[in-house]
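In case you want the letters, here they are:
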Amino acid sequence: VCATGACTAAGAAATAAATGTAGAAAGTAGAGLLSQLAYPIAALGLSGALALQSGPEALMDQAAHSALYADAMRSNHPVVLEFYSNDCRHCRHAAASLAETAAAHPGTDWVMVDCQKPESRSLVEKYNVGPIPHFAFLDESKTLRRTEVGESGAKRADAVLRALEGSSS
């Protein structure tokens, strides 16, 4: 859990409500801040600047190409629900590797759930989301089979998906 509290589902929602950045404005506000910080961070080293710049874009790109929850729940595919916030550094850091994992499993519906959006509250409660990133792995019947939390959960996503795919064969 981040010191700012933004790396919990409740913290992300509270931050969005307090700052008025819920929804699409959150991504825009975050991108503006990052662009302002890019040059000062670049002075600290190219790798730091690249890590900061690639994370938010990768996370926003992954969210933009995500399956819709309702569609995923009607499909006959396994489903990964990834609960995230644009303000969560752990979510941003994991985004690039998770995009590769999602691409390696085209038979799985990957649904991004932005914890800052008020309309996500019911899913956050349903899946008992606390710290983020939070991953809920559902099989073809939409039964919750496993939950992983944090960056270490992101690293285990590929193995969990392989196990889910293997159990359905």
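Source: prediction; values computed, not measured.

**Describing the pairing of strand β3 (residues 134–138)**
- In terms of burial, β3 is a largely internal element, five of the five residues being buried.
- Of the two faces of β3, the one carrying His 134, Ala 136 and Leu 138 and the one carrying Phe 135 and Phe 137 are both buried.
- Bridge count between strand β1 (residues 79–84) and β3: five bridges; the pairing is antiparallel. The residue bridging Val 80 from the neighbouring strand is Phe 137, located in β3.
- Inspection of the sheet shows β3 paired to strand β4 (residues 144–149) by five bridges, in the antiparallel sense. Paired with His 134 across the bridge in β4 is Val 149.
- The hairpin formed by β3 and β4 contains five residues between the paired strands, and Lys 142 there has a positive phi angle of roughly 70°.

**Focus: the pairing of strand β2 (residues 109–114)**
- Among the six residues of β2, six are classified as buried, and the element is accordingly described as predominantly covered.
- Residue alternation in β2 divides its side chains into two sets, Asp 109, Val 111 and Val 113 and Trp 110, Met 112 and Asp 114, and both sets are buried.
- Two strands pair when backbone bridges link them, and β1 and β2 are joined in this way by six bridges, in the parallel orientation. Counterpart to Tyr 84 in the pairing with β2 is Asp 114.
- The β-α-β motif built from β1, the intervening helix α5 (residues 89–104) and the parallel element β2 has right-handed crossover chirality.

**Concerning α5**
- Its 16 residues give α5 an end-to-end C-alpha distance of 24 Å, which sits within 8% of 22 Å, the value for a rise of 1.5 Å per residue.
- The sharpest bend along α5 reaches about 45° and sits at Ala 95.
- If you check which residues of α5 are buried, you get His 90, Cys 91, Arg 92, Ala 94, Ala 95, Leu 98 and Thr 101.

**Details of the side chain of Asp 139**
- Mapped onto the elements, Asp 139 comes out in the loop between β3 and β4.
- Separated by 2.7 Å, the side chains of Asp 139 and Ser 141 make a polar contact.
- In terms of polar contacts, Asp 139 uses its side chain to reach the side chain of Arg 145, at 2.7 Å.
- Ignoring sequence-local partners within four residues, the contact set of Asp 139 consists of His 77, Pro 78, Arg 145 and Leu 164.

**Re the confidence of the model for the protein**
- Looking at the protein as a whole, its pLDDT mean stands at 75, while 67% of the residues score no less than 70.
- Predicted confidence is poor over residues 21–31, with pLDDT under 50, and the contacts of this stretch with residues over four places away or in other chains come to 13 contacts.
- Here residues 34–54 is modelled with pLDDT under 50, and outside its nearest four sequence neighbours on either side it reaches eight contacts, counting other chains as well.

**Here's the deal with the sheet that holds β1**
- Strand order in the open sheet made by the four strands is β2-β1-β3-β4, with mixed pairing throughout. With one partner strand each, in any of the chains shown, β2 and β4 form the two edges of the open sheet. Strand-to-strand twist of the sheet, defined as the mean angle between neighbouring strand axes without regard to direction, takes the value 15°.
- Here α5 sits on the sheet in contact with β1, β2 and β3, set at roughly 165° to β2.

**Let's talk about the nonpolar core**
- Grouped together as the largest cluster of nonpolar side chains are 33 residues, with contacts concentrated most on Leu 81, Phe 83, Leu 98, Trp 110, Tyr 127, Ile 132 and Phe 137.
- Those elements giving two or more residues to this core turn out to be α3 (46–64), β1, α5, β2, α6 (121–126), β3 and α7 (150–168).
- Among residues more than four places away in sequence, those in contact with Phe 83 are Val 113, Cys 115, Leu 123, Val 124, Tyr 127, Val 129, Ile 132, Pro 133, His 134 and Ala 136.

Thresholds, definitions, all that
Residues numbered from 1 in each chain as written. Predicted model: local features only at pLDDT ≥ 70, side-chain atom pairs only at ≥ 80, totals over all residues. Heavy atoms only, no water. Buried < 20%, exposed > 50% of the residue type's maximum accessible area, 1.4 Å probe, protein only. Helix = DSSP H or I, 4+ residues; strand = E, 2+ residues; numbered from the N terminus. Pairing = 2+ DSSP bridges. Right-handed = clockwise from strand over helix to strand, strands pointing away. Expected span 1.5 Å × (residues − 1). Bend = angle between axes of the 7 residues up to and from the residue. Polar contact = N/O pair within 3.5 Å; in protein donor to acceptor, adjacent residues only side chain to side chain. Contact = heavy atoms within 4.5 Å. pLDDT = per-residue confidence, 0-100. Axes fitted to C-alpha atoms, helices over the stretch in contact; angles between N-to-C directions. Core = buried A, V, L, I, M, F, W, Y, C linked by side-chain atoms within 4.5 Å.

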